[in-house]
Amino acid sequence: MESNSETKQHTLLSSESGFQRTQYPYVTGSSVVALKYKDGILMAADMGGSYGSTLRYKSLERIKPVGKHSIIGASGEISDFQEIMRYLDEQVLNDNMWDDGNSLGPKEIHSYLTRVMYNRRNKFDPLWNTLILGGVKKGQKFLGMVTMIGVNFEENHIATGFGNHMAQPLLRAEWHENLTFEEGVTLLEKCMRVLLYRDRSAVNKFQIAKITEEGVTVSQPYALKTFWGFKAFENPTAGAEGSW
Amino acid sequence: MSKQQARFEPYDFNGGTCVAIAGADYCVVAADTRMSTGYNILTRDYSKIYKLADKCLMASSGFQADVRALQKVLGAKHLIYQHQHNKQMSCPAMARLLSNTLYYKRFFPYYTFNVLVGFDEEGKGCVYTYDAVGSYEKVGYSAQGSGAKLIMPVLDNQLKSPSPLLLPALDAVTPLTEAEAIDVVKDVFASATERDIYTGDKLEIVIVNADGIRREYAELRKD
C-alpha cells in the first residue's frame, strides 16, 4: 500500500486532467473455478476480499446470476465487479423491457463483457477483473472467460488467477463429458481445497453455484474439511528446543 | 515529481503460429489452435483463422483481444462495402484495407501478426504478409507468429518457389500440388511444435480452391 503523501500527489497531478485512471487494485477476490457438467455449469469461489495482505471482507458474494440463463464469477477488484454488475443489470433491464419473448443468453453476455473490458483497456482505464461467464440456453451449455485486457475464450473448464496454476491441472486430469452433479461438486471441492492450502488469499468459506436449463442455485456458504495432522507438524520444536 | 507506479500492461502475448502458401490454383492457410499466456495454456482449441470474404481468409497470431477486434472491424467494413457496391471485396482490396486499418492505430498498435490468403483478379493464389503496423507485401508463402522464424527457412527450402531476387521477377507461387503443400505444412508445424513452447495442441488447415473452402485438422504435441 502506498503512503498517504504519494496518493495525495497522484490526486493533485490527475486533478489537472480531471479524471483518474485505474493504476492498481485495492480490494481483491482470489480464484474462481468453473466446469461444464451433464446438466449445465458449476462454479465455485470463496467469499474473501483481501485489502492487500489483510483479509478485510469474509462474506463477499463473488458469483452472481445474470438474467435467466447465466451466472458470472469475478476475481480481482471488487468495486469493478460491482460496476460490471450495474452494467449487466442495465442490459438485463433493457432486455426485459423489449418484452418480446427473447432473453439474453450466456453467449451474448460473454460477448458484451468482452467488448466492455477491451474498450476500457483501450482507454487505459481497465476494469481490474477476470470474469467467468457460464450458462445454459435452449440446451446449449456455455462457459467462457474474459480478462481485464479483453482476452477471451470458451472452454469446458476454466479457472482464474491462482486457479489457473493449481486447479487446471486437476481439471485437465479428471474432467470428462457428462460429469454428474455429485462428481462435478467433488472435483470442484478438490480444486478449492488445493487453493485453500496453497493460496494465501483464500478463505475457508465457499459458495458453489449451479446453473441448468431450470435455473440458478447458489449454495449457502460452507467450509471444507482440511487436514493438518501430519507427523511433521506435531511437536515442531522437537529437534530444536527453545525455538518456535 | 511523484514516483510513477508500474502502469498496467495493455498487451499480452497469446502465442501461436500461422502459415500461408499460395499455389497455381489453390491456397492453403494453417494455424495452431493453442492460446497461452505467460507459461500457462489457456485453451487448446482456439481458431486463429477468420473468413473475411468468399475467397479471402486471414490468420492472425499475437494478442488475442486485438486479433478479435481486428477481425470484427474488418468484417464490419466488408459488410458495408457489400451494401455499397453489391459485390464481395477482392483479395488485393482486402489486403490494402487490412494494411490501412493496422496503420490507423500506428501509435497504439493492434499487436497482431497476420497473413492474408485468397485469389487475385486473375484467379491465381496469393498470400499477403503483414507486420503489426501494416507494412505488407504480396508473396508466394509466409509464416507469422512465435514459430515463424523456425518455419520460414524450411519453407524457403521445401517449396521450390522461384527466387524473389530473380530479374525479370517471376510469380512466387509454389509449383507444388495441393496435397504436397499440405504435407509440407503438417511437417513444418510438427517441427515448430518441438522447439516453440507457444505452438502445439492441434493444427487447423484451411484450403481454398475452385471447389470452395475445405477444413482439415491434424494433431500436434501437447507439451
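Preceding block: the structure.
Structural notes, computed from the coordinates. (Residues numbered from 1 in each chain as written. Chains lettered and ligands numbered in written order. Predicted model: local features only at pLDDT ≥ 70, side-chain atom pairs only at ≥ 80, totals over all residues. Heavy atoms only, no water.)

## Some points on the sheet that holds strand E10 (residues 141-145) of chain B
All names here are of chain B. The strand order across the open sheet formed by five strands is E10-E1-E2-E11-E12, and the pairing between neighbours is antiparallel. The sheet is open, and its two borders are formed by E10 and strand E12 (212-219), each paired with just one other strand. Taking the axes of each pair of neighbouring strands and ignoring which way they run, one obtains an average angle of 15° across the sheet. Pairing between strand E1 (residues 17-22) and strand E2 (residues 26-32): five bridges, direction antiparallel. Across the sheet, Ala-22 pairs through a bridge with Cys-27, a residue of E2. Helix H3 (residues 148-158) contacts E1 and E10 of the sheet and is inclined by roughly 170° relative to E10. Relative to strand E11 (residues 202-209), helix H4 (residues 178-195) is tilted by about 160°, and along the sheet it contacts E1, E2, E11 and E12. (Pairing = 2+ DSSP bridges. Helix = DSSP H or I, 4+ residues; strand = E, 2+ residues; numbered from the N terminus. Axes fitted to C-alpha atoms, helices over the stretch in contact; angles between N-to-C directions. Contact = heavy atoms within 4.5 Å.)

## Thoughts on H4(B)
Residue and element names in this part refer to chain B. When the terminal C-alpha atoms of H4 are compared, their 27 Å separation across 18 residues agrees well with the 26 Å that a helix rising 1.5 Å per residue should span. Taken residue by residue, H4 has Glu-178, Ala-181, Ile-182, Val-184, Val-185, Val-188, Phe-189, Ala-192 and Thr-193 as its buried positions. Down the axis, H4 shows its buried residues gathered within 165° of arc, on one side only. Opposite its buried face, H4 presents the exposed residues Ala-179, Asp-187 and Arg-195, each directed more than 90 degrees away. Next to the buried residues of H4 lie E1, E2, H3, E11 and E12. (Expected span 1.5 Å × (residues − 1). Buried < 20%, exposed > 50% of the residue type's maximum accessible area, 1.4 Å probe, protein only. Arc of directions from axis to C-beta.)

## Thoughts on the pairing of strand E8 (residues 125-130) of chain B
All names here are of chain B. In terms of burial, E8 is a largely internal element, six of the six residues being buried. Covered by surrounding structure in E8 are Gly-125, Val-127 and Thr-129 together with Cys-126, Tyr-128 and Tyr-130, the residues of both alternating faces. Two elements, strand E7 (residues 112-119) and E8, share five bridges in a ladder whose sense is antiparallel. Of the residues in E8, the one forming a bridge with Gly-118 is Cys-126. Between the end of E7 and the start of E8, which pair antiparallel, lie five residues, with Gly-123 showing a positive phi angle near 85°. As paired elements, E8 and strand E9 (residues 136-139) share four bridges and run antiparallel to each other. Bridged to Thr-129 within E9 is Glu-137. Between the end of E8 and the start of E9, which pair antiparallel, lie five residues, with Gly-134 showing a positive phi angle near 105°.

## Some thoughts on the packing of helix H1 (residues 64-85) of chain B against helix H2 (residues 91-104) of chain B
Residue and element names in this part refer to chain B. Running from N to C, H1 and H2 point in directions that differ by 130°, and their axes come no closer than 11 Å. On the basis of the axis angle, H1 is oblique to H2. Like other packed secondary-structure pairs, H1 and H2 cross with a definite hand, here right-handed. Residues Leu-70, Val-73, Leu-74, Lys-77 and His-78 of H1 touch H2, and the partners they reach there are Met-94, Leu-97, Leu-98, Thr-101 and Leu-102. A per-class count over the contact of H1 with H2 returns seven nonpolar, two polar and one charged. (Parallel < 35°, antiparallel > 145°, perpendicular 65-115°, else oblique. Left-handed = near helix turned anticlockwise from the far one by under 90°. Nonpolar A, V, L, I, M, F, W, Y, C, P; charged D, E, K, R; others polar.)

## A short note on the pairing of strand E7 (residues 70-77) of chain A
Residues and elements named next belong to chain A. Most of E7 is tucked away, with eight of its eight residues classed as buried. Both strand E1 (residues 27-29) and E7 contribute to a ladder of two bridges, which runs antiparallel. In the strand pairing of E7, Gly-29 is matched with Gly-76. Looking at chain direction, strand E6 (residues 63-66) and E7 are connected through four bridges and run antiparallel. Within E7, the position partnered with Pro-65 by the bridge is Ile-71. If you look at the hairpin formed by E6 and E7, you'll find three residues sitting between the two strands, and Gly-67 has a positive phi there, around 60°.

## Thoughts on the sheet that holds E7(B)
Residues and elements named next belong to chain B. The strand order across the open sheet formed by five strands is E5-E6-E7-E8-E9, and the pairing between neighbours is antiparallel. This sheet does not close on itself; its edge strands, each paired only once, are strand E5 (49-53) and E9. Adjacent strand axes in the sheet meet at a mean angle of 25° when their direction is disregarded.

## Overview of the environment of Gly163(A)
Residue and element names in this part refer to chain A. With respect to the element layout, Gly-163 can be found in helix H4 (residues 162-174). For Gly-163, a relative accessible area of 0% translates into the label buried. Residues Gly-163 and Ala-240 lie 77 residues apart in sequence; the distance between their C-alpha atoms is 37 Å. Beyond its immediate chain neighbours, meaning those up to four positions away, Gly-163 contacts Ser-31, Gln-168 and Leu-195.

## Here's the deal with the environment of Ile84(A)
Within the secondary structure, Ile84(A) is located in helix H2 (residues 78-98). Not counting residues up to four positions away in its chain, the partners in contact with Ile84(A) are Ile72(A), Leu113(A), Met117(A), Leu127(A), Asn129(A) and Leu131(A).

## Observations concerning a nonpolar patch on the surface
A cluster of nonpolar residues, Tyr197(A), Phe227(A), Trp228(A), Phe230(A) and Phe233(A), forms a patch on the protein surface that exposes about 570 Å² of accessible area. Counting through the fold element by element, Trp228(A) comes out in the segment after strand E13 (216-218). (Patch = residues over 30% accessible without salt bridge, like charges linked within 9 Å, V, L, I, M, F, W, Y side chains within 5 Å. Areas by Shrake-Rupley, 256 points an atom, 1.4 Å probe, with all protein chains shown as cover. Salt bridge = Lys/Arg side-chain N within 4 Å of Asp/Glu carboxyl O.)

## Some remarks on the interface of chain A and chain B
For interface size, the figure often reported is the accessible area lost on association. Every contact between the two is made by 27 residues of chain A and, on the other side, 28 residues of chain B. Carbon and sulfur atoms make up 55% of the surface buried where chain A meets chain B, a total of about 2400 Å² over both sides. Run the count over chain A and chain B and you get one salt bridge. The residue Arg121(A) makes a salt bridge to Asp66(B) at a minimum N-O spacing of 3.4 Å. (Buried area = accessible area lost by both parts, 1.4 Å probe.)

## Thoughts on the packing of aromatic side chains
Scanning the model with the defined rule gives 17 aromatic pairs over all chains in all. An angle of 55° between the planes, with centres 5.7 Å apart, marks the rings of Tyr11(B) and Tyr111(B) as tilted. One end of the pair, Tyr11(B), is in the segment before E1; the other, Tyr111(B), is in the loop between H2 and E7, with 100 residues separating them in the sequence. For Tyr111(B), a relative accessible area of 30% gives the class partly exposed. Aromatic rings pair up to connect Phe124(A), Trp128(A), Phe8(B), Tyr11(B), Phe13(B), Phe63(B), Phe108(B), Tyr111(B), Phe113(B) and Tyr198(B) into one cluster. (Phe/Tyr/Trp six-rings, centres within 6.5 Å; stacked < 30°, edge-to-face > 60°.)

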